[in-house]
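Below are the chains, spelled out letter by letter.
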Amino acid sequence: MIALIGASGRSGAALARALHAQGTPFRAVVRDGAKWAALGIAAPHAVADLHDAPALRAALEGATTTSSCAHARHAPAILAASAAPLVFMGSTRRHSRWPDAHGDGVRAGEAAFRADGRPGVLLHPTMIYGAEGEDNVQRLAALMRRLPVLPLPGGGRALVQPIHQDDVTACLLAAIRIAHDAPRVLDIAGPAPLPY
């Protein structure tokens, strides 16, 4: 059985819907049971905060795979609470050379995952679009409509390679099914680079 941490978030909910549609047994691990119930996905759930070690251990008990769509900075707590192989989501912001607390958290989570040595994978998606509630692309487009000048890397010619939520979900499903023999870290991106 899969324990799915962050099942009520954008990528977590997309993965939960896919697992449910395939008839794959899983337990949603969420902070807010009402938010999970509002999604209408008929699957068992456990309420646990990632800062509550006993509750997290109880929520993950019996899992054959632990998949986390929570921020990668929580990897140490998840590693401590689960004995199962792991599938984590990070972010390509881990490659940022600018001061960035989000990227720092992803790098710290990756370091903990690598140091643990347990089989599994950490997927670093590029900018995700197409998820319910995901608005990265929409915010950039709205900003472009409002401002007469928009400072973009390379004058807008710099390349980005956004990934659709469906592709992120497909990558997570594939990662869950693979029998990993070591900790692996992979960047995942859309099919082609595009200029801003």
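Let me sum up the structure you'll find in this document. (Residues numbered from 1 in each chain as written. Predicted model: local features only at pLDDT ≥ 70, side-chain atom pairs only at ≥ 80, totals over all residues. Heavy atoms only, no water.)

### Some remarks on the pattern of salt bridges
Piece 1. One pass over the structure, following the stated rule, counts six salt bridges.
Piece 2. A salt bridge links Arg184 to Asp181; the nearest nitrogen and oxygen atoms lie 2.5 Å apart.
Piece 3. It is possible to trace a salt-bridge network through shared partners that takes in Arg94, Glu110 and Arg114. (Salt bridge = Lys/Arg side-chain N within 4 Å of Asp/Glu carboxyl O.)

### Focus: helix α5 (residues 101-116)
Piece 1. For α5, with 16 residues, the first-to-last C-alpha span of 23 Å sits near the 22 Å given by 1.5 Å per residue.
Piece 2. Every buried residue of α5 is listed here: Gly103, Gly105, Val106, Gly109, Glu110, Ala112 and Phe113.
Piece 3. Tucked into the core, α5 has its buried residues touching α4 (75-81), β5 (86-89), β6 (120-125) and β10 (183-188).
Piece 4. Its side-chain oxygen at 3.2 Å from the backbone nitrogen of His102, Asp100 defines the N-terminal cap of α5. (Helix = DSSP H or I, 4+ residues; strand = E, 2+ residues; numbered from the N terminus. Expected span 1.5 Å × (residues − 1). Buried < 20%, exposed > 50% of the residue type's maximum accessible area, 1.4 Å probe, protein only. Contact = heavy atoms within 4.5 Å. Polar contact = N/O pair within 3.5 Å; in protein donor to acceptor, adjacent residues only side chain to side chain.)

### Here we look at the pairing of strand β1 (residues 2-5)
Piece 1. Burial along β1 is two-sided: the residues Ile2 and Leu4 and Ala3 and Ile5 are all buried.
Piece 2. Bridge count for β1 against strand β2 (residues 26-30) is four bridges, and the pairing is parallel. Looking at β2, one finds that Leu4 is bridged to Ala28.
Piece 3. Between the parallel pair β1 and β2, the chain is carried across by helix α1 (residues 10-22), and the sense of this crossover is right-handed.
Piece 4. Relative to strand β4 (residues 65-68), β1 runs parallel, the two being bridged by four bridges. Note that in β4 the partner of Ala3 across the bridge is Thr66. (Pairing = 2+ DSSP bridges. Right-handed = clockwise from strand over helix to strand, strands pointing away.)

### Looking at the environment of Val137
Piece 1. Locating Val137 in the fold gives a position in helix α6 (residues 136-146).
Piece 2. Overall, the relative accessible area of 35% leaves Val137 in the partly exposed class.
Piece 3. Between the C-alpha atom of Val137 and that of Pro162, which follows or precedes it by 25 residues, the distance is 9.0 Å.
Piece 4. If we skip the residues at most four places from it in the chain, Val137 touches Met127 and Tyr129.

### A closer look at the nonpolar core
Piece 1. Ranked by size, the top nonpolar core spans 26 residues in total, and within it Leu4, Leu15, Leu19, Phe26, Trp36, Val168 and Leu172 carry the most contacts.
Piece 2. Ranked by residues supplied to this core, first place goes to helix α7 (residues 165-177) with five residues.
Piece 3. Counting residues in each nonpolar core, the second largest holds 20 residues, with Val29, Ile78, Leu79 and Ala81 among its members. (Core = buried A, V, L, I, M, F, W, Y, C linked by side-chain atoms within 4.5 Å.)

### Brief notes about the pairing of β2
Piece 1. The buried count for β2 comes to five of five residues, which makes it a mostly enclosed element.
Piece 2. Side-chain alternation along β2 places Phe26, Ala28 and Val30 on one buried face and Arg27 and Val29 on a second face that is also buried.
Piece 3. For the segment spanning β2, helix α2 (residues 33-39) and strand β3 (residues 45-47), crossover handedness is right-handed.

### Digging into the side chain of Ser11
Piece 1. Mapped onto the secondary structure, Ser11 falls in helix α1.
Piece 2. The buried category is assigned to Ser11, whose relative accessible area is 9%.
Piece 3. Every residue in contact with Ser11, bar those within four places of it in the chain, is listed here: Cys69, Met89, Ile128, Gln165 and Val168.

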